[in-house]
Amino acid sequence: MTGAQKQEREQYNYETFEEVLEELDGKDYDKIGLQGPDGIKPQIIDFASDLEDEGFETVIVGASTFGACGIADEKVNRMGADALVHVGHTRFLHPEKADMKDYDVYYLPYRENRDLMSVLEENYDEINEDETLGLVGVTQYMDRAEKARDFLESKGFEVVEGKTGLRTSEPGQVLGCDAGAAHNIAHKVDAFVFLGSGHFHPSQVSEAGKKVYVVDPYEKHIWIEPANSLDDEMQAEYARVLKHKDKQKWGIVTSSKKGQNYMKAVEIAKEKLEEHGKDVYVFVEDRIFEADYRGFGIDIYVNCACPRMTKDWQDLAFVSPRALKVLDDDFGEE
Ligand code: SF4
């Protein structure tokens, strides 16, 4: 990554609301929009009050935001806002290179206040000392990545320099839809150290083919996510495709959210299905719920929106575009 690219990735992210206020101060804005995820809604109200105190009008987006993929620039623009403060996440880069910066958006990632460093310091002997490590994690803890790295190196571990992923703007940062930060350095490491909690993100990292030591500030210890732990889920998706392979009507779903609108993926999936003689119907919605897709007489949908949703559907089959490859394998045998 060139210096200019690095600067472009970083310049939209701020560490404190005061920094955002300072930046807004010099701008010719009258009204500012605000949005953020559940859990920090009281802070959003505080930020709105602070902005009002500074003489700005404000408008708040009611729906919770799951990621910066869902920037509500169009909504607040319709309300007459000149800029948007997106709280909770770092700037999101579109994987298909669609323009994500055609509006003034200020990103204020949320940093979780839990004592992550004590968990690492008290449990680091769980990590095999002969292993070269890659350091990755979720936004909430990436402000401590350098500290964690210094600590591990002081204990004699070799830690490989992190890189950004396809959609992320902090080195080592992973999202539910982007473990590129891990994949980019997987060939240089024996294992990953992950800063964060839950299985969802570590399992994405494990897809890079290495085990993951999870420094978990909720569980307050270090536990291991095995390498390639998503293999079973992928097999289940292949099975869903094979179960429906003789169905004539197939749906493709994408989102109208800017960062979840994957038109190239739609095109590729459509082509693949049409190659196999299917009738293909393309759907779009902001937030995607299974209930909306009942009643069309279609039993299987390809998810070209947030990949995190794929495993959430129960009655209808919902599969990722890559699961379609089994159509080739299966049909090839005929
Ligand atoms: S996992 Fe889904 S919600 Fe999260 S950033 Fe990616 S596309 Fe957005």
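Below is a summary of the structure that appears in this document. (Residues numbered from 1 in each chain as written. Predicted model: local features only at pLDDT ≥ 70, side-chain atom pairs only at ≥ 80, totals over all residues. Heavy atoms only, no water.)

Brief notes about the layout of surface pockets
Put simply, the largest pocket is a space of about 1,100 Å³. Residue lining of the largest pocket: 46 residues in total, with Phe66, Gly67, His89, His201 and Arg308 positioned closest to the centre. For the lining of the largest pocket, the elements supplying multiple residues, two or more each, are helix 6 (139-142) and helix 9 (200-206). For the lining of the largest pocket, the element with the most residues is helix 6, which contributes 3 residues. Considered as a void within the structure, the second largest pocket measures approximately 800 Å³ in volume. Around the second largest pocket sit 32 residues that line it, and Cys177, Gln204, Pro307, Ser320 and Arg322 are the ones nearest its centre. Those elements that provide at least two residues to the lining of the second largest pocket are helix 8 (180-183), helix 9 and helix 10 (231-243). The biggest single contributor to the lining of the second largest pocket is helix 10, with 5 residues. Its residues assigned to classes, the lining of the second largest pocket shows 14 nonpolar, 8 polar and 10 charged. Here the lining of the second largest pocket spans two domains, and each of domain 2 (116-225) and domain 3 (231-332) adds at least three residues to it. (1 Å grid on protein atoms, 1.4 Å probe; cavity = no way out; pocket = protein on both sides within 12 Å on 5 of 7 lines; lining within 4 Å. Points joined across faces, edges and corners; volume = space filled by probe spheres on them. Helix = DSSP H or I, 4+ residues; strand = E, 2+ residues; numbered from the N terminus. Nonpolar A, V, L, I, M, F, W, Y, C, P; charged D, E, K, R; others polar. Domains from an automatic or database assignment.)

Description of helix 5 (residues 116-123)
When helix 5 is considered as a whole, its buried residues turn out to be Leu116, Met117, Val119, Leu120 and Asn123. Seen end-on, helix 5 carries its buried residues on one side only, within an arc spanning 160°. Looking at the packing, one finds that the buried side of helix 5 touches helix 6, helix 7 (145-154), strand 7 (191-195), strand 8 (211-216) and strand 9 (221-225). (Buried < 20%, exposed > 50% of the residue type's maximum accessible area, 1.4 Å probe, protein only. Arc of directions from axis to C-beta. Contact = heavy atoms within 4.5 Å.)

Remember that the coordinates give geometry; whether it matters functionally is a separate question.
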